[in-house]
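Chain and residue survey
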Amino acid sequence: MTTSLASLTRPQKAAAILVAMGKPSASRLLKFFKQEELKALIEGARLLRTIPQADLERIVAEFEAEFTEGAGLLDSADKMDTILNESLSPEEMNALMGNGEPLMIKDNLPPVWPQVERLEATQIGTFLANEHPQTAAMILSNLAPTYAARVVLSMEKPVRSEIIKRMMELANVPEAATKLVEQQLRNHVLTESAQKDTSVGQTRVASVLNELDKSQLEEVMSDLREVGMADLDAIRARLFSFEDITSMSQKARVALFDGLSTELITMALRGTPLPLAEAVLSSISARSRRMIESELSQGSEGIQPADILRARKTIASTALRMSNEGLLELPSAQDAA
């Protein structure tokens, strides 16, 4: 006995697609349905019989999805029961059928898209290359255009062409499908990235090492290299000292010293080698330069070395902060070395 397409209600069509998807995918999707939606699915599924392949494809087209693989449905009601029983706890099933407390769907997770955009574009490109083009198109459509463009460029030409084509044809995606994709990104992209990401630890170590003077820093870095510490180059890339100013571009130096007081700059320049002093003085206004040079010419008698070191660390910390905020570009680790 078959079920005709014309007689199917919307809940029955949704149930048909879920059954066609199979238990693993359907189980994940069911978590995002509201209580009344799940009840409608169960009631609709109990009335389903065999659905011809051609009719199923028409149903799938209506929902703007591509779940036809492995279709050809028998005993839809039994399969839906199996999916629900394996997906939901007894408490959830009781609540769903009105035998207990109302089923609460939690949706208080932070937006996934800004988190994705903090990852390397090539990483997302690799992930999307292994996804269905329709899913990849939906994901790219939700990313910022600048970031999405970098992702597209990281992919093979045939793959990206197909995805772009589908982006052009993409209609409104059902909210439940969007939530499913977002959850997949959290589970298979963000979680794996967090497990592999050591940048937080690298930043923590760099913040400690940046408190050392140049000689102390090189000694510690040498010790770490001898014991075979991993990610040493990545840590060095996060290091910056006052002496590294000579390796900065003129544009970056101007940006750095533009907001610093002449008193702080004067204190930091006391006792510095001529090349370093010139790198700093050439980055400030002529009037400020004359004031600082006049002050330096009077000598450093009575000035505490700790005050000089503190001023230099303040400037280095400011450079690191401005770099993190994208206000200037620091020299690479190799340049600084």
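Residues numbered from 1 in each chain as written. Predicted model: local features only at pLDDT ≥ 70, side-chain atom pairs only at ≥ 80, totals over all residues. Heavy atoms only, no water.

**Looking at the overall build of the chain**
- In terms of helices and strands, the chain carries 21 helices and zero strands.
- Counting all 337 residues of the chain, 39% fall into the buried class.
- For the chain, the computed accessible surface area is about 19,500 Å², with 52% contributed by carbon and sulfur atoms. (Helix = DSSP H or I, 4+ residues; strand = E, 2+ residues; numbered from the N terminus. Buried < 20%, exposed > 50% of the residue type's maximum accessible area, 1.4 Å probe, protein only. Areas by Shrake-Rupley, 256 points an atom, 1.4 Å probe, with all protein chains shown as cover.)

**Remarks on the confidence of the model for the chain**
- Residues at a pLDDT of 70 or more form 71% of the chain, whose mean pLDDT is 76.
- Below a pLDDT of 50 lies the segment residues 64-77, which in the model reaches 36 contacts outside its immediate sequence neighbourhood of four places, other chains included. (pLDDT = per-residue confidence, 0-100. Contact = heavy atoms within 4.5 Å.)

**Regarding the pattern of salt bridges**
- Across all of its chains, the model carries six salt bridges by this definition.
- When the shortest N-O distance is used, the salt bridge between Arg166 and Glu162 registers 2.8 Å. With Arg166 and Glu162 both in helix α11 (residues 157-169), this residue pair falls four residues apart, about one helical turn.
- Since its relative accessible area comes to 16%, Arg166 is described here as buried.
- Linking Asp307 and Arg310 is a salt bridge whose minimum nitrogen-to-oxygen distance equals 2.8 Å. One end of the pair, Asp307, and the other, Arg310, are both in helix α20 (residues 305-324), three residues apart, so they sit about a helical turn from each other. (Salt bridge = Lys/Arg side-chain N within 4 Å of Asp/Glu carboxyl O.)

**Things to note about the nonpolar core**
- One finds Ile245, Leu256, Phe257 and Ile315 to be the most contacted residues of the largest nonpolar core, which totals 26 residues.
- If you list the elements that add at least two residues to this core, you get α16 (250-257), α17 (262-269), α18 (274-281) and α20.
- For this core, the element with the highest residue contribution is α20, accounting for six residues.
- Setting aside chain neighbours within four positions, we find Phe257 in contact with Ile245, Ile265, Val280, Ser283, Ile284 and Ile315.
- Counting 24 residues, the second largest nonpolar core, distinct from the first, contains Ile124, Met138, Met155 and Ile163. (Core = buried A, V, L, I, M, F, W, Y, C linked by side-chain atoms within 4.5 Å.)

**Considerations on the packing of α17 against α20**
- Across the interface, α17 lies against α20 with an axial gap of 8 Å and an inter-helix angle of 120 degrees. Here α17 is positioned oblique relative to α20, judged by the angle of their axes. Crossing of α17 over α20 shows left-handed handedness. Packed against α17, whose contacting residues are Leu264, Ile265, Met267 and Ala268, the element α20 presents Asp307, Ile308, Ala311, Arg312, Thr314 and Ile315 at the interface.
- Along the lines of polarity and charge, the residues of the contact of α17 with α20 split into seven nonpolar, one polar and two charged. (Axes fitted to C-alpha atoms, helices over the stretch in contact; angles between N-to-C directions. Parallel < 35°, antiparallel > 145°, perpendicular 65-115°, else oblique. Left-handed = near helix turned anticlockwise from the far one by under 90°. Nonpolar A, V, L, I, M, F, W, Y, C, P; charged D, E, K, R; others polar.)

**Observations concerning the packing of helix α9 (residues 133-142) against α11**
- As a packed pair, α9 and α11 sit with axes 8 Å apart at the nearest point and diverge in direction by 65 degrees. On the basis of their axis angle, the class for α9 and α11 is roughly perpendicular. Viewed along their axes, α9 and α11 form a crossing whose handedness is right-handed. Residues Pro133, Gln134, Ala136, Ala137, Leu140 and Ser141 of α9 form the contact with α11, whose own contacting residues are Glu162, Ile163, Arg166 and Met167.
- Of the residues in the contact of α9 with α11, the class split is six nonpolar, two polar and two charged.

**Thoughts on helix α8 (residues 121-129)**
- What α8 keeps buried is the set Ala121, Ile124, Gly125, Phe127 and Leu128. Down the axis of α8, the buried set is contained in an arc of 165 degrees. They therefore lie on one face. (Arc of directions from axis to C-beta.)

**Notes on the environment of Leu260**
- With respect to the helices and strands, Leu260 occurs in the loop between α16 and α17.
- Along the backbone, Leu260 and Thr314 are 54 residues apart, and their C-alpha atoms lie at a distance of 9.9 Å.

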